[in-house]
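Each chain, letter by letter, is given below.
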Amino acid sequence: MSDEILSKKAQAGDENALNILLSKYKSLVNKIARSYFLSGGDLEDLIQEGMIGLYKAIIHFKDDKNALFKTFANTCIKHQIQSAIKIASSEKNKVLSSALPIIEQFQDDDEEGDIEILIPSLLPSPDDKLLEKERLEEIKKQIKNNLSDMEWKVFCLYLKGYSYNEISSLTYLNKKSIDNALSRIKNKLSFLKNDN
């Protein structure tokens, strides 16, 4: 049964169809949530917001627009997470208009991918993109300088949404080493919390 049909059934009240879609797309939610970074943010909260976005996608999907359910779900999940990040930033007495989504390429030798980072800006205007880009480059440089080559590779793969198994096969590290590396990375990047 296609996702589009499952969505129609879920909209008609079929709990089983709803649960199938929620379960099927949970890994997509995890992958999208991992690609967002907000200093002091919590991954679990972003995953929950992503699941809310997925639920909204299931309930509001209409197949008369010639779009695949997966495409629609992807958009809804991202939108929900981005909205949650903006709200969280405003709750910390930050002006909403100063939050700029910036897409940056994190590259290593084997893999490439876009990682979207939301950085609450202290600039008076969001129109000043050049200064914001320079700020992002400086933060990226600080992160890279604080991490070993192995930690940088693990960090990039983790932000791209790779699982521990996938990171293990790409880096030849065991899961415990990856977990330890991520703990060290979190401690080393604590300077970002006070940087904003």
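Up top you'll find the structure we're talking about.
Residues numbered from 1 in each chain as written. Predicted model: local features only at pLDDT ≥ 70, side-chain atom pairs only at ≥ 80, totals over all residues. Heavy atoms only, no water.

Enquirer: How should I be thinking about unusual backbone geometry in this particular structure?
Expert: Negative phi is the rule for most residues except glycine; trans is the rule for most peptide bonds. Of note, the phi angle at Tyr172 is positive, near 60°, even though the residue is not glycine. For Tyr172, a relative accessible area of 75% gives the class exposed. (Buried < 20%, exposed > 50% of the residue type's maximum accessible area, 1.4 Å probe, protein only.)

Enquirer: Got a minute to help me understand the pattern of salt bridges in this structure?
Expert: Between side chains of opposite charge, a pair can form when the charged atoms approach closely. If you walk through the whole model with that rule in mind, you get three salt bridges. Note that Glu151 is salt-bridged to Arg184, the shortest N-O span being 2.8 Å. Note that Glu151 is positioned in helix α7 (residues 149–159) and Arg184 in helix α9 (residues 175–188), a separation of 33 residues in sequence. Since its relative accessible area comes to 2%, Glu151 is described here as buried. In this structure, Glu151 engages Lys188 in a salt bridge whose closest nitrogen and oxygen atoms are separated by 2.7 Å. Here the residue Glu151 occupies a position in helix α7, and Lys188 occupies one in helix α9, the gap between them amounting to 37 residues. (Salt bridge = Lys/Arg side-chain N within 4 Å of Asp/Glu carboxyl O. Helix = DSSP H or I, 4+ residues; strand = E, 2+ residues; numbered from the N terminus.)

Enquirer: Looking at this structure, how should I read α7?
Expert: Residues spaced three or four apart along an α-helix face the same direction, because each turn holds 3.6 residues. Every buried residue of α7 is accounted for by Glu151, Trp152, Val154, Phe155, Cys156, Leu157 and Leu159. Looking at the residues trailing α7, positive phi occurs at Gly161, about 95°.

Enquirer: Could you clarify how one ought to interpret the packing of helix α1 (residues 3–11) against helix α4 (residues 43–60) in this entry?
Expert: In the contact formed by α1 and α4, the axes pass within 7 Å of each other and the chain directions differ by 85°. Between α1 and α4, the interaxial angle falls into the category roughly perpendicular. Along its contact with α1, which presents Ser7, Ala10 and Gln11, the element α4 presents Ile58, Ile59 and His60. Tallied by class, the residues present in the contact of α1 with α4 amount to three nonpolar, three polar and no charged. (Axes fitted to C-alpha atoms, helices over the stretch in contact; angles between N-to-C directions. Parallel < 35°, antiparallel > 145°, perpendicular 65-115°, else oblique. Contact = heavy atoms within 4.5 Å. Nonpolar A, V, L, I, M, F, W, Y, C, P; charged D, E, K, R; others polar.)

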